[in-house]
Amino acid sequence: MLERLQSVEDRYNRLNELLSDPDVISDSKKLREYSKEQSNIEETVQVYREYKEVAEQLKDAKQMLEEKLDNEMYEMVKEEINELSPRQKELEESLRILLLPKDPNDDKNVIVEIRGAAGGDEAQLFAGDLYKMYSRFAEAQGWRTEVIEATSTELGGYKEIIFMVNGAGAYSKLKYENGAHRVQRVPQTESGGRIHTSTATVAVLPEAEEVEVEIHDKDIRVDTFASSGPGGQSVNTTMSAVRLTHLPTGTVVSCQDEKSQIKNKEKAMKVLRARVYDKIQREVQAEYDETRKSAVGTGDRSERIRTYNFPQSRVTDHRIGLTLQKLDQILQGKIDEIIDALIVEEQAEQMKRAED
């Protein structure tokens, strides 16, 4: 492990040199590539340097104990060793985790697609609740959200809502939300007070940059139409809404959120690129996806991952058996505890596989 860490630090130092090289500075592609690589290993290098410093201090302290010391100095050295030893173990554990393979998409922005599934109006209302939950979580993280496409209902829910989350590490946390979310509650329309079970599906796609997936204009059919509101009533008489069809894959994306056709096309292209990238990734990197899914089921969108039980104010994540009596807080966007537990579970699985 120490050899690997030293090679990471050597690479970090080399990247510092490259980022000061005039040839690299003048090449925007290389500058972006090296900056990203440096940023990805910076935390590992910082922790490794602290580890080396603590290890050196601990070595010196233990050597001092072998010398003739008065009682006061002896006790001071013993106290220092008692403080440094657990810190060294903490840093070792952190370094093991930092050396685990990282999902290449973790630093990316994401496109989130929420759809009401089983349960009719109630499922669509729940889709709206999930959208609010993720919006509040994103706001607390300092991320920015932007609606791309939404089909709302008269009751205030969504048949479908697609939105982008812009922020460092958005995918690293929101990827765990992929799957079917189940709600158990008495619907607003239920006069008998009976509890209904409904579901909404969540898909989280990493935003694909143009350099990662090439989409040719000749492969896209562009259709324009007038946007409409809930129930189909027209809200815009101009042909501002845009529908893009990627002919090779059959992927279809529409956007009518903006009044400008140009802006709608830009937003639709982001979703199209992400969906095509996701499709290519799942086909070409099937082995990697299978490994990631086996950790905590993050890739199977048909899997029931979580239940939100309103009568008991309970939320249960079925992948790790975590139950929290904090439904109100979680719907307010405080889902950190669930996500952190899923990250720990995935890291534990990775470490187990590495040991095997």
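Residue positions are counted from 1 within each chain, in the order its sequence is given. Selection of residues for local features in this predicted model requires a pLDDT of at least 70, selection of side-chain atom pairs for listing and counting requires 80 or more, and totals for whole chains, interfaces and linings are taken over all residues. Computation of side-chain values covers all heavy atoms of the structure but excludes hydrogens and water.

### Observations concerning the overall build of the chain
Along the chain, the regular secondary structure elements total 10 helices and 11 strands. The buried share among the 356 residues of the chain stands at 43%. In this analysis, two residues are considered to be in contact whenever any of their non-hydrogen atoms come within 4.5 Å of each other. Contacts in the chain between residues at least 24 apart in sequence constitute 61% of all its contacts with a sequence separation of at least 6. When the accessible surface of the chain is totalled, it reaches about 19500 Å², and 46% of it is carbon and sulfur. Elements are defined by DSSP. Helices are runs of H or I of four residues or more, strands are runs of E of two residues or more, and each kind is numbered from the N terminus. Note on classification: 1.4 Å probe, protein chains only; a residue is buried when its accessible area is under 20% of the maximum for its type, exposed when over 50%, partly exposed between these limits. Only the protein chains shown count as covering a residue, and every accessible area follows the Shrake-Rupley method with a 1.4 Å probe.

### Quick look at the pattern of salt bridges
Think of a salt bridge as a Lys or Arg side-chain nitrogen and an Asp or Glu carboxyl oxygen that are within 4 Å of each other. According to the stated counting rule, one finds 21 salt bridges in the structure shown. Here arginine 185 makes a salt bridge to aspartate 129, at a shortest N to O gap of 2.8 Å. Here aspartate 129 lies in helix α5 (residues 120-141) and arginine 185 lies in strand β4 (residues 179-185), a separation of 56 residues in the sequence. Overall, the relative accessible area of 10% leaves arginine 185 in the buried class. Aspartate 317 is the partner of arginine 306 in a salt bridge, and the nearest nitrogen-oxygen pair spans 3.1 Å. You can see arginine 306 sitting in strand β9 (residues 304-309) and its partner aspartate 317 sitting in strand β10 (residues 314-317), a full 11 residues away along the chain. Here the salt bridges share partners, and the residues they tie into one network are Glu113, Arg115, Glu160 and Arg275.

### Examining the environment of alanine 348
Relative to the assigned elements, alanine 348 resides in helix α10 (residues 336-355). The partly exposed category is assigned to alanine 348, whose relative accessible area is 41%. Spatially, the C-alpha atom of alanine 348 lies 8.8 Å from that of isoleucine 97, the residues being 251 residues apart in sequence.

### A closer look at the nonpolar core
Only buried residues count toward a nonpolar core. Its members are Ala, Val, Leu, Ile, Met, Phe, Trp, Tyr and Cys residues joined through side-chain atoms within 4.5 Å. In terms of nonpolar packing, the biggest core is built from 34 residues, with Ile114, Leu130, Tyr134, Val165 and Tyr308 touching the most fellow members. Elements with a contribution of two residues or more to this core: β1 (110-116), α5, β3 (158-166), α6 (170-174), β5 (196-206), α9 (327-331) and α10. A per-element tally of this core places α5 first, with eight residues. Counting residues in hydrophobic clusters, the runner-up holds 17 residues, among them Ile111, Ile215, Val253 and Val271.

### Some thoughts on a negative patch on the surface
Together, Glu56, Asp60, Glu75, Glu79, Glu80 and Glu83 make up a region of like negative charge exposed at the surface. Ranked by residue count, the leading element in the negative patch is helix α4 (residues 71-98), at four residues. With respect to the helices and strands, glutamate 80 occurs in helix α4. Its relative accessible area of 32% is what places glutamate 80 among the partly exposed residues. Patch rule: a residue counts if its relative accessible area is over 30% and it has no salt bridge; like charges are joined within 9 Å, and nonpolar side chains (Val, Leu, Ile, Met, Phe, Trp, Tyr) within 5 Å. Under this rule, positive means Lys or Arg and negative means Asp or Glu; His and the chain ends count for nothing. Charge placement uses NZ in Lys and CZ in Arg. For Asp and Glu, CG and CD serve respectively.

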